[in-house]
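Report on the structure
Letter by letter, the chains look like this.
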Protein chains: 2
Amino acid sequence: MARSDHEAEGQRDLGADAAVVEAGRPRRPTRSRRKAGDVAGADNNIDILDCAAQCFMEMGFQGTSIDDVARRLGATKGRIYHYYASKTDLFFDVHREGMRRLNEAVIAVMGSGGNGRETLRAMLEAHALTMLQNIAYLAVVVQGVHMHRLGATTLAQRQVLDEIMAIRRDFEKLFSDVFRRGQADGSIRAENASIAVKGMLGAVNWTAIWYRPRANETLADKQKIARELAALQVGGVA
Amino acid sequence: MARSDHEAEGQRDLGADAAVVEAGRPRRPTRSRRKAGDVAGADNNIDILDCAAQCFMEMGFQGTSIDDVARRLGATKGRIYHYYASKTDLFFDVHREGMRRLNEAVIAVMGSGGNGRETLRAMLEAHALTMLQNIAYLAVVVQGVHMHRLGATTLAQRQVLDEIMAIRRDFEKLFSDVFRRGQADGSIRAENASIAVKGMLGAVNWTAIWYRPRANETLADKQKIARELAALQVGGVA
DNA sequence: AATTAAACATACTACTGAGTATGTTGCAAT
DNA sequence: ATTGCAACATACTCAGTAGTATGTTTAATT
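First things first, this report covers the structure right here in the doc. (Residues numbered from 1 in each chain as written. Chains lettered and ligands numbered in written order. Predicted model: local features only at pLDDT ≥ 70, side-chain atom pairs only at ≥ 80, totals over all residues. Heavy atoms only, no water.)

A few points about the interface of chain A and chain B
Selection criterion: Residue contacts are counted whenever heavy atoms from the two residues lie within 4.5 Å of one another. A quick way to say it: buried area is the sum, across both parts, of accessible area lost when two parts are put together, with a 1.4 Å probe. Here, a salt bridge means any side-chain nitrogen of Lys or Arg that lies within 4 Å of a carboxyl oxygen of Asp or Glu. Two N or O atoms form a polar contact when they lie within 3.5 Å of each other; inside protein one atom must be a possible hydrogen donor and the other a possible acceptor, and for residues adjacent in sequence the pair counts only when both atoms belong to side chains. Comment: elements are numbered from the N terminus, with helices defined as DSSP H or I runs of at least four residues and strands as E runs of at least two.
In this assembly, 37 residues from chain A lie in contact with 37 residues from chain B. Each partner contributes to the roughly 3,400 Å² buried at the junction of chain A and chain B, and carbon and sulfur atoms together form 69% of this total. When the buried surface of chain A facing chain B is broken down by residue, H146, W206 and V237 of chain A rank first, second and third, together holding 22% of it. Linking chain A with chain B are 0 salt bridges, by the criterion used here. For the pair chain A and chain B, the interface holds 11 residue pairs in polar contact (both at pLDDT 80 or more). If one sorts the elements of the side of chain A that touches chain B by residue count, helix α8 (residues 193–205) of chain A sits on top with 8 residues.

See below:
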């Protein structure tokens, strides 16, 4: 799937996702052209995604017009519709990119040993930190969760939607699996895994609502918030 | 504005699917005509609020058209615009009603004695239960939180928005005050009250995203979920 | 040097949806 | 019995917006 540009010098994303439905992709996946002064490796699409994420976060899906995104880009509709077949496809791609970053961050800390409880804590911390560092993308993800209907009229869009929901289910399963591992090794006493996981993820996801980066906020500040949130969810307040 | 706030009794239905639709011809329901001596503004248009809440929950603010709400009502725009000056005002009133029910439920359990931690737990449980019982209204509240811009163009709308945000601030303060009381009486060890409260409220508020009442769900079922959520937020999983 | 296609911009269409203007009906007080 | 008005319904306007059709520029290829 994805923008099949093969020129991904950028260490970022691309291609990693399972190839699924093709919806609203660039028509001809040849190499992107660069103007004379362009910095090599810059993915043009990431600019569109960034601006779209920002707009969607601030004004919601329906509240954002393609012209809004284009204005923020310093461009016009033509540019956006050159890469995305529809507004819905653009939204989906932001959502998918957000989920990709979340998955990446959480999976990265899952193999660090430790019992179920400690692994769960590390996963929550990674989740939280990723939220704080990608607040626009993840705010879009949060929005999209209960927008299962949006305007998914076409078949292709519905397939993309199914794909996204599957990713979300798998993501939640990462946590509930580790939770049960903690129950098995005795490090977790709580019983109802489903409710507990939904609660913990809610506490972390809620940062999409209240958190806005302050000026001069350092990485250490974000890490502190993430660590506290994760610790409280595992250990409680008492 | 031009709205009064005392719509009396709180225990309406639980946001279950509005069976108001009743496909038929322009029906003439019991037209409650105002009798002499009635206070102007004591409107019983709770049906409008219910349908609006349901629509806003399912399709979002921008995604919901006034005609959508009217259709669900089994009426036309005329009826809605007879009571509300604009779509934004309607949204605000749903939001305000949701916050009113939340406040009522939480304050009701605050005087039951007990140390800070136990009071906090009871407040969280009451909060959660109210969410589950009024999921449509509270889903709108959750939506509205980060929609500070919406389309608040008029001065009156901005004032209502300020009022709502003040209510939200006061609501959060209820929790952080009790949290600090718990720190003082030794029943709460966690340090950062701000982060902790935001996390706990997030866990509870997140029910607006995932929770949808199943068929035949009893009050006891909801109470069980609420109790578990509250207990986990206070005591953790370990 | 000419050709080609990607990467946009510009100009337009068609439609949706918020809000309004105006009609209609029934109850209640006169 | 007539009148006044609340409580709607009906029929419009018009601004905003998703999507399209087409023009323009630039860089790589031949």
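So, next bit.
Structural notes on the relation of the copies chain A and chain B
For these two chain copies, the linking operation is a rotation about an axis paired with a shift along it. Applied cut-off: We place the copies in one frame by least squares, fitting the C-alpha atoms of every residue whose pLDDT is at least 70 in both.
The operation relating chain A to chain B is a screw motion whose rotation component is 180 degrees, with 0.1 Å of axial translation and a residual RMSD of 0.1 Å. Both copies are brought into coincidence by an operation consistent with a two-fold rotation axis. Most of the interface of chain A is mirrored in chain B, where 97% of its interface residues are also at the interface.

As for the packing of helix α5 (residues 116–133) of chain A against helix α7 (residues 155–184) of chain A
Residue and element names in this part refer to chain A. We count it as follows: Note on definitions: angles span 0 to 180 degrees between N-to-C directions of axes, and those axes are lines fitted to C-alpha atoms, for helices only across the stretch in contact. Geometric relationships in this document are graded by angle, where less than 35 degrees denotes roughly parallel, more than 145 denotes roughly antiparallel, 65 to 115 denotes roughly perpendicular, and other angles denote oblique. If you view the pair so one helix is near and one far, a crossing is left-handed when the near helix is turned anticlockwise from the far one by less than a right angle, and right-handed when it is turned clockwise.
α7 packs onto α5 with a crossing angle of 155 degrees between their chain directions and a minimal axis gap of 7 Å. In this view, α5 runs roughly antiparallel relative to α7, as classed from their interaxial angle. Considering how the two elements wind past one another, α5 and α7 form a crossing that is left-handed. Contacts from G116, R117, T119, L120, M123, L124 and H127 of α5 reach α7 at F171, L174, F175, V178, F179, R181 and G182.

Points about the nonpolar core
Where we set the bar: Throughout this description, the term nonpolar core refers to a set of buried Ala, Val, Leu, Ile, Met, Phe, Trp, Tyr and Cys residues connected via side-chain atoms within 4.5 Å. Accessible area is worked out with a 1.4 Å probe on protein chains only. A residue is then buried under 20% of its type maximum, exposed over 50%, and partly exposed in between.
Grouped together as the largest cluster of nonpolar side chains are 133 residues, with contacts concentrated most on F175 and F179 of chain A together with F175 and F179 of chain B. Leaving out residues up to four positions away in the same chain, F175 of chain B has contacts with V106, L120, M123, L124, H127, V197 and L201 of chain B.

Describing the environment of F171 of chain B
Residues and elements named next belong to chain B. Structurally, F171 can be placed in helix α7 (residues 155–184). Considering only alpha carbons, one finds F171 and L102, 69 residues apart in sequence, at a separation of 8.7 Å. Once residues lying within four places of it in the same chain are set aside, the contact partners of F171 are M99, L102, N103, V106 and H127.

Some words on the packing of α7 of chain A against α8 of chain A
All names here are of chain A. Remark: α7 packs on α8, axes separated minimally by 10 Å, with the N-to-C direction vectors making an angle of 125 degrees. Here α7 is positioned oblique relative to α8, judged by the angle of their axes. The chirality of how α7 crosses α8 is right-handed. On the side of α7, the interface is formed by E172, F175, S176, F179 and R180, while α8 contributes A193, A196, V197, K198, M200 and L201.

A short note on the side chain of D68 of chain A
All names here are of chain A. Along the chain, D68 turns up in helix α2 (residues 66–73). Classification of D68 by relative accessible area gives buried; the value is 18%. Polar side-chain contacts of D68 include one of 3.1 Å to the side chain of R71. If sequence neighbours within four positions are ignored, D68 has contacts with C55, M59 and G63.

Overview of the environment of F91 of chain A
Among the secondary structure elements, F91 of chain A is positioned in helix α4 (residues 87–108). When the C-alpha atoms of F91 of chain A and G144 of chain A are compared, they prove to be 8.6 Å apart, with 53 residues separating the residues in sequence.

Remarks on the environment of S187 of chain A
Summarising the element assignment, S187 of chain A is placed in the loop between α7 and α8. In contact with S187 of chain A, not counting residues within four places along its chain, are N115, G116, R117 and G182 of chain A together with A238 of chain B. In this structure the side chain of S187 of chain A is engaged in a polar contact, spanning 3.1 Å, whose partner is the backbone nitrogen of R117 of chain A. Of the polar contacts made by the side chain of S187 of chain A, one reaches the side chain of D185 of chain A; its length is 2.6 Å.

Examining the pattern of salt bridges
Evaluation of the coordinates by the stated rule reveals 32 salt bridges over all chains. Here D67 of chain A and K77 of chain A are joined by a salt bridge, their closest N and O atoms 3.7 Å apart. Here K77 of chain A lies in helix α3 (residues 77–83) and D67 of chain A lies in helix α2, a separation of 10 residues in the sequence. Residue classification places K77 of chain A among the partly exposed positions, given a relative accessible area of 39%. For the salt bridge of R96 of chain B with E163 of chain B, the shortest nitrogen-to-oxygen distance reads 3.0 Å. One end of the pair, R96 of chain B, is in helix α4 (residues 87–108); the other, E163 of chain B, is in helix α7, with 67 residues separating them in the sequence.

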